[in-house]
Amino acid sequence: MSENIVEYLSVLLSSSFKFLFGPLQGKAYGLPWLLTAALTAAGMMLSVVVFTYFGQYLKQRFFKTKKVFTPANRRKVTLWRRYGIIGVALFTPLLLTPIGGTLVANAFGEKREKIFFWMSIFATIWGILVTLMVYEAGDLLQGLLHHPKP
């Protein structure tokens, strides 16, 4: 039982930093895909909650002041201006990471309720899609490796 909790926490915490890590770990542990998708989405939302409420404090406490006008920051501004919170939430799991997307949404002053709503919608959608892709690709690769063609 305790090893299951460790596996669940591992999937949850790893996907809170990098979304793709959750499905990869869930597959490696042999967890059911739906559980892995749920833990992956919950991991992203853990980051969203922590960095929405404590992001300013963490930024001041642990990060040095960086250059303001960088190519990466310009891309974030363009993304925000073009698509707003919906676009940021859409691209967060795949491109921005859960932490990065949350910081962008908060930096532009979006309301917490909107951040939580849109991030949870896209965390769930991407959690299911990415987990299914990882599980199906893993099964396909395993089949190819164990049943080579003559």
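Predicted, not measured: the structure shown is a model, and the values here were computed from it.

Let us now look at helix α5 (residues 98–107). Buried residues of α5: Pro98, Ile99, Gly101, Thr102, Val104 and Ala105, and no others. At the C-terminal side of α5, Gly109 shows a positive phi close to 75 degrees.

With 25 residues, the main nonpolar core has Met44, Val48, Trp80, Val88, Ile115 and Met119 as its most contacted residues. Contributing elements (two or more residues each) for this core: α3 (33–62), α4 (71–96), α5 and α6 (112–146). It is α6 that contributes the most residues to this core, nine residues altogether. Discounting residues that sit within four places of it in the chain, Met119 has contacts with Met44, Met45, Val48, Val88, Ala89, Thr92, Gly101 and Thr102.

Before going further, it helps to spend a moment on a nonpolar patch on the surface. Taken together, the side chains of Ile5, Leu9, Leu13, Leu46, Val49, Val50, Tyr53, Phe54 and Tyr57 define a hydrophobic patch exposed on the protein surface, amounting to about 800 Å² of accessible area. Elements that contribute at least two residues to the nonpolar patch include exactly α1 (2–17) and α3. In terms of residues, the nonpolar patch owes the most to one element, α3, which gives six residues. Positionally, Leu9 belongs in helix α1. Here Leu9 falls in the partly exposed class, since its relative accessible area comes to 43%.

Here the focus is the confidence of the model for the chain. Here the chain averages 86 in pLDDT, and 86% of its residues register 70 or above. Of all the helices and strands in the chain, α4 carries the lowest mean pLDDT, 85, while helix α2 (residues 21–29) carries the highest, 93.

Calculation rules
Residues numbered from 1 in each chain as written. Predicted model: local features only at pLDDT ≥ 70, side-chain atom pairs only at ≥ 80, totals over all residues. Heavy atoms only, no water. Buried < 20%, exposed > 50% of the residue type's maximum accessible area, 1.4 Å probe, protein only. Helix = DSSP H or I, 4+ residues; strand = E, 2+ residues; numbered from the N terminus. Core = buried A, V, L, I, M, F, W, Y, C linked by side-chain atoms within 4.5 Å. Contact = heavy atoms within 4.5 Å. Patch = residues over 30% accessible without salt bridge, like charges linked within 9 Å, V, L, I, M, F, W, Y side chains within 5 Å. Areas by Shrake-Rupley, 256 points an atom, 1.4 Å probe, with all protein chains shown as cover. Salt bridge = Lys/Arg side-chain N within 4 Å of Asp/Glu carboxyl O. pLDDT = per-residue confidence, 0-100.

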